[in-house]
Amino acid sequence: MNQRRAPEGADDAVLRVCGLRYAVGGRTLLDGLDLRVRAGEAVAVTGPSGSGKSTLLSCLLGLLRPDAGTVEVAGTELTGLSGRARNVHRRDTIGAVFQFGELLPELTPLENTALAALLCGMPRREAYARASALLTELSVPFDRTPTAQLSGGERQRTAVARALMNRPRLLLADEPTGALDEDTRDGVAELLFSVRERWGCGLVVVTHDLSVAALADRQLRLERGRLVPPPGAVEGQPR
Ligand SMILES: Nc1ncnc2c1ncn2[C@@H]1O[C@H](COP(=O)(O)OP(=O)(O)OP(=O)(O)O)[C@@H](O)[C@H]1O
């Protein structure tokens, strides 16, 4: 398997994780885990069910406080921040996409997308203009149809648009195609991985789907609390 790499350059890491440790329920899920993701680089994380992939994302989002180690997003170390400062930093630097979109079903895609910026204090007119531009770019229909009536693929495209509203430096996705059929999956995965080039975000995608993982620049597998190259991986192939 090829392990493609983003081009080498100055240290443009948007995510630096060092020695991350997290235990819960008597199990050590993350055990000295390290990870570095550059701007414009996509990393896929695979691993057995229950190995701690979602827990890792929660630590990266600053929703869980690790027992040890550091998580630096866009140059700021999360574990040293107060809860309030962590929330502000998350809002300003990270976008997230989850398996079922986590959108408000009664709102339209436009309202769902604009809401992310309105909650951050962006003026209404600007929020709606940016949301409609993003949805157009991502080919999501955004008339008056409530999000609940959209297809699974359209909902996930809306979720990607919402995640991009605040111009994140880092995009995190947890099983973003897990609820989609094969054709829809391919379109959403393509869109998701295109953000690293179109918007220059670092991207971390947790997935069980190896065909989705194959779109990443690097694949890593969570095993015994650390991220390791998957079996058969060949490091160092240029992109
Ligand atoms: N608060 C908690 N108390 C006890 N156990 C927990 C808690 N939170 C998570 N776990 C356990 O930690 C393990 C890792 O969960 P996590 O959701 O991170 O795994 P995962 O790799 O994302 O799994 P999947 O691929 O099935 O989504 C699971 O066995 C889960 O039950």
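Residues numbered from 1 in each chain as written. Predicted model: local features only at pLDDT ≥ 70, side-chain atom pairs only at ≥ 80, totals over all residues.

## Things to note about the overall build of the protein
Summing up its helical and strand segments, the protein has 7 helices and 12 strands in all. Compactness check: the protein gives a C-alpha radius of gyration of 17 Å against a globular reference of 18 Å for 239 residues, within 12% of the reference. Each of the three principal axes of the protein carries a C-alpha extent, and together these read 45 × 40 × 40 Å. For the protein, with 239 residues in total, the buried portion stands at 44%. Here the contacts in the protein between residues at least 6 apart in sequence split such that 72% fall between residues at least 24 apart. (Helix = DSSP H or I, 4+ residues; strand = E, 2+ residues; numbered from the N terminus. Rg over C-alpha atoms; globule rule 2.2 N^0.38 Å. Buried ≥ 20, exposed ≤ 12 C-beta atoms within 10 Å, placed from the backbone. Contact = placed C-beta atoms within 7 Å.)

## Things to note about the sheet that holds strand β9 (residues 202-206)
Pairing in this open sheet of 6 strands is mixed, and the strands run β7-β8-β9-β4-β10-β11 from one edge to the other. Each edge of the sheet is formed by a strand with only one pairing partner; in this case those strands are β7 (94-97) and β11 (226-228). Between one strand axis and the next, the sheet turns by 25° as a mean value, whatever way the strands run. Where strand β8 (residues 170-174) meets β9, 5 bridges bridge the pair, whose relative direction is parallel. Bridge pairing links L171 to L203 in β9. Along the sheet, helix α5 (residues 152-164) makes contact with β7 and β8, crossing β7 at roughly 170°. (Pairing = 2+ DSSP bridges. Axes fitted to C-alpha atoms, helices over the stretch in contact; angles between N-to-C directions.)

## Side note on the sheet that holds strand β6 (residues 76-77)
Within a sheet, each strand pairs with its neighbour through backbone hydrogen bonds, oriented either parallel or antiparallel. An order of β3-β2-β5-β6 is seen for the 4 strands of this open sheet, with the pairing classed as antiparallel. Two strands bound the open sheet, and with one partner strand each, they are β3 (27-38) and β6. Two elements, strand β5 (residues 68-73) and β6, share 2 bridges in a ladder whose sense is antiparallel. Within β6, the position partnered with E72 by the bridge is E77.

## Some points on the site of the ligand
Within the structure, the ligand sits among V24, G25, L29, G47, S49, G50, S51, G52, K53, S54 and T55. For the shell around the ligand, the residue count by class is 2 nonpolar, 8 polar and 1 charged. (Near = placed C-beta within 6 Å. Nonpolar A, V, L, I, M, F, W, Y, C, P; charged D, E, K, R; others polar.)

## A closer look at unusual backbone geometry
Of note in this structure, R167 is not a glycine but carries a positive phi near 50°. Secondary-structure assignment places R167 in the loop between α5 and β8. Notably, R224 is not glycine yet its phi reads approximately 45°, a positive angle. For R224, the location among the structural elements is in the loop between β10 (218-223) and β11.

## What about the pairing of β9?
Here β9 lies mainly inside the structure; 5 of its 5 residues are buried. Taken together, the 4 bridges between strand β4 (residues 42-46) and β9 define a ladder with parallel strand orientation. Residue pairing for β9: V43 is matched across the bridge by V204. Crossover β8 to β9 through helix α6 (residues 182-198) is right-handed. (Right-handed = clockwise from strand over helix to strand, strands pointing away.)

## Concerning the confidence of the model for the protein
Residues at a pLDDT of 70 or more form 92% of the protein, whose mean pLDDT is 88. Between residues 1-10, whose pLDDT stays under 50, and residues either more than four places distant or in other chains, the model counts 28 contacts. Overall fold confidence for the complex sits at a pTM of 0.89, while the interface term, ipTM, reaches 0.95. (pLDDT = per-residue confidence, 0-100.)

## Thoughts on helix α4 (residues 124-137)
Here α4 spans 20 Å end to end across 14 residues, near enough to the 20 Å set by a 1.5 Å rise per residue. A127, R130, A131, L134 and L135 are the residues of α4 that are buried. In a view along the axis of α4, the buried residues occupy a sector of 130°, so they form one face of it. Exposed positions of α4 whose direction lies more than 90 degrees from the buried face are R125, E126, A133, T136 and E137. Contacts from the buried residues of α4 go to α3 (109-118) and α5. S139 lies just past α4 and shows a positive phi near 60°. (Expected span 1.5 Å × (residues − 1). Arc of directions from axis to C-beta.)

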